[in-house]
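The primary structure of each chain is shown beneath.
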Amino acid sequence: MTETSGGVLYLRFRRTAGGPPDSAGYTGLLALLGAFTPVVEAAPPDGALADVGGALRYFGRDVGDLASVIRVRALALHGVDCAIGAGANPMVARMAARRAAPGTTFVVGRGEEAAFLAPLPAAALDGVGAATARTLCGYGLDSVGRIADAPLATLQRITGVRTGRELWEGARGIDRTRVVPNAAARSLAAERSFPRDELAPEQHRRALLSLTEELGARLRGEGQVCRSLAVSVRYADRTGYATLTRSRMLGEPTAHSAALTALAYRIHESFGLQRARVRGISLRAEGLADAGRASRQLTFDPADERSRRIEEVADRLRERFGPGAVKPAGLAA
C-alpha cells in the first residue's frame, strides 16, 4: 500500500443495461460498501462517498486495488458497473470520479491535487455555478490554476468573503468536509420514465415540472431547503443509452417550487438535446439544510410573494386531501 494514496472514494453506479440502479439495488450497493468501511455517505440516486483509510490498512491494499475489488463485487452481485474517483478528501474524490470512465478508477494521490486541478476550467470546481464562473472569467480567472494563484483578498473582493475563502481553498485541493456515515438525507431525488423514447421537448419540460413540484413539496414538508439541483437525462444514442448529468447552484437555499423549476429548465436547456430520444429524467436536490436556519433575500416582488402564498395553501390542501389534490396548470391536462 502506498502512503500517497487517497483515502476517500467517490463511486458512480451504472447498471450494465443502462441508467442508475433502482432503490433496492442502490441500498444493496451501500451495504456492499459497508462491508469494507462503516464510513459510507449516500449520494442518491447513483453515487456514494466512502472513507477507506482504515480499510487500506486493514486489507493491506492500495486504493486502486481496493477499488477494483469493490467494482468486481458490484458487477457480480448487482449487475452494476462503477466509475470511481479517489482522493485525499471528498471534493477531490468527486472531481476525480468525473474523469473516470465506467469500469475504471482515477486516483489523485496526496500532493498531486494542484497538478490535477490546475488545468480544469473554473466551472469544474465544486460549488462554482454559471454566474460565479462568468464573474471569475471576467477577471481572467478562467481556470482552477489561476484561481489558486490569485491572492485570497482579491477573490474575496470579487465574490465575497466566505465564497472567496472557499474558492481559494478548493482550488488548492483543500476540503474541510468529511464523509458523514449514513447521510442519505443530504439529498432528495425523484425520477420520471417515459414508456417509450420521447422526442417532444414539451413532454421533457412537463416531466421536469412534475419533479420540481414533488421535490419542492417534500422539502417543505420536511422543513428543509436545498442549495443546488442536479438534472440527469437518459437518452438513446448510437451505442444504446447514455446519461448526462449536470448540477447548478441556486441563487439562495430554497424549497420554493418556482425557483426549483426555473433552475431545472435552465440546466435541461444547457444539455442542447433538442432532438434527443429521451427515456427518463431524474432530479436531485442537493446540499440540504434546515429551513429555519436559511436566510432569504427579500425581493419585494408581488408576483413572487403571491406565488409563495399560493404554495402554502396548496401544501395544506395536499396534506389534507393527498399529493394529487393540487397541481400546476402545466400538469392539469
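Look up: the structure comes first, before these words.
Calculation notes
- Residues numbered from 1 in each chain as written.
- Predicted model: local features only at pLDDT ≥ 70, side-chain atom pairs only at ≥ 80, totals over all residues.
- Heavy atoms only, no water.
- Helix = DSSP H or I, 4+ residues; strand = E, 2+ residues; numbered from the N terminus.
- Buried < 20%, exposed > 50% of the residue type's maximum accessible area, 1.4 Å probe, protein only.
- Contact = heavy atoms within 4.5 Å.
- Areas by Shrake-Rupley, 256 points an atom, 1.4 Å probe, with all protein chains shown as cover.
- Salt bridge = Lys/Arg side-chain N within 4 Å of Asp/Glu carboxyl O.
- Core = buried A, V, L, I, M, F, W, Y, C linked by side-chain atoms within 4.5 Å.
- Pairing = 2+ DSSP bridges.
- Axes fitted to C-alpha atoms, helices over the stretch in contact; angles between N-to-C directions.
- Polar contact = N/O pair within 3.5 Å; in protein donor to acceptor, adjacent residues only side chain to side chain.
- Phe/Tyr/Trp six-rings, centres within 6.5 Å; stacked < 30°, edge-to-face > 60°.
- Parallel < 35°, antiparallel > 145°, perpendicular 65-115°, else oblique.
- Left-handed = near helix turned anticlockwise from the far one by under 90°.
- Nonpolar A, V, L, I, M, F, W, Y, C, P; charged D, E, K, R; others polar.

Draft legend 1. Structural context of the overall build of the chain. Each helix and strand counted, the chain has 13 helices and ten strands in total. Each of the 333 residues in the chain was classed as buried or not, and the buried ones make up 46%. For the chain, the proportion of contacts with a sequence separation of at least 24, taken over those separated by at least 6, is 67%. In the structure as shown, the chain presents an accessible area of about 17,000 Å², 52% of it carried by carbon and sulfur atoms.

Draft legend 2. Quick look at the pattern of salt bridges. Considering all chains together, one arrives at eleven salt bridges under this definition. Close ionic contact of Arg14 with Asp46 constitutes a salt bridge, the shortest N to O distance being 2.7 Å. Of this pair, Arg14 sits in strand S1 (residues 8-15) while Asp46 sits in the loop between strand S2 (40-43) and strand S3 (47-51), and the two are 32 residues apart along the sequence. Across the salt bridge formed by Arg162 and Glu166, the nearest N and O atoms sit 3.4 Å from each other.

Draft legend 3. Main features of the nonpolar core. Ranked by size, the top nonpolar core spans 32 residues in total, and within it Leu219, Cys226, Leu229, Val231 and Ile281 carry the most contacts. Those residues in contact with Ile281 that lie beyond four places of it in its chain are Ala190, Glu191, Arg192, Phe194, His204, Ala207, Leu208, Leu211, Val231, Ser232 and Val233. Core analysis: the next-biggest nonpolar cluster, separate from the first, contains 24 residues, Leu9, Val40, Val63 and Ala67 among them.

Draft legend 4. Expanded view of the sheet that holds strand S5 (residues 105-107). Sheet architecture is open: five strands sit in the order S2-S3-S1-S4-S5, paired in mixed fashion. Edge strands, defined here as strands with exactly one partner in the open sheet, are S2 and S5. Between one strand and the next, the sheet's axes are offset by a mean angle of 15 degrees, whatever the strand orientation. Of the strand pairs in this sheet, S1 and strand S4 (residues 80-87) are connected by eight bridges, and their pairing is antiparallel. Counterpart to Phe13 in the pairing with S4 is Cys82. Docked against the sheet, helix H1 (residues 23-34) engages S1, S2, S3 and S4, running at close to 160 degrees with respect to S2.

Draft legend 5. How the structure looks around the environment of Val80. Take Val80: it is sitting in strand S4. Overall, the relative accessible area of 2% leaves Val80 in the buried class. Residues Val80 and Pro21, spaced 59 residues apart in sequence, show a C-alpha to C-alpha distance of 7.4 Å.

Draft legend 6. Local environment of the pairing of S2. Burial along S2 is two-sided: the residues Val40 and Ala42 and Glu41 and Ala43 are all buried. As paired elements, S2 and S3 share four bridges and run antiparallel to each other. Pairing of Ala43 across the sheet is with Gly47, part of S3. The hairpin turn running from S2 into S3, its antiparallel successor, is three residues long.

Draft legend 7. Structural context of the side chain of Ser228. For Ser228, the position within the fold is in strand S7 (residues 224-237). Those residues in contact with Ser228 that sit more than four places away from it in its chain are Arg248, Met249, Leu250, Arg284, Ala285 and Glu286.

Draft legend 8. Focus on helix H4 (residues 90-99). Of all ten residues making up H4, seven are buried, and the element is well covered by its neighbours. Residues of H4 that are buried: Pro90, Met91, Val92, Ala93, Met95, Ala96 and Ala97. Buried-residue contacts for H4 involve S1, S3, S4, S5, helix H5 (113-117) and helix H9 (161-171). A side-chain oxygen of the first residue of H4 lies 3.3 Å from the backbone nitrogen of Met91; this N-cap is Asn89.

Draft legend 9. Here's a closer look at the packing of aromatic side chains. Per the stated rule, a full pass over the model turns up four aromatic pairs. Relative to Tyr26, the ring of Phe13 lies with its centre 6.3 Å away and its plane at 70 degrees, an arrangement referred to as edge-to-face. Here Tyr26 lies in helix H1 and Phe13 lies in strand S1, a separation of 13 residues in the sequence. On the basis of relative accessibility, which here comes to 2%, the residue Phe13 falls in the buried class. Here the aromatic rings of Tyr58 and Phe59 are separated by 5.1 Å at their centres, their planes lie at 85 degrees, and the arrangement is edge-to-face. You can call Tyr58 exposed: its relative accessible area is 68%. Overall, Phe59 belongs to the partly exposed group, its relative accessible area being 34%. Counting every residue linked through ring pairs, the aromatic cluster contains Phe36, Tyr58 and Phe59.

Draft legend 10. Structural view of the packing of helix H8 (residues 152-159) against H9. Contact geometry for H8 and H9: axes closest at 7 Å, N-to-C directions at 135 degrees. Taken together, the axis directions place H8 and H9 in an arrangement best described as oblique. Crossing angle aside, the handedness with which H8 passes H9 is right-handed. Across the interface between the two elements, Leu152, Leu155, Gln156 and Thr159 from H8 touch Val161, Thr163, Gly164, Arg165, Leu167 and Trp168 from H9. Of the residues assigned to the contact of H8 with H9, the class counts are five nonpolar, four polar and one charged.

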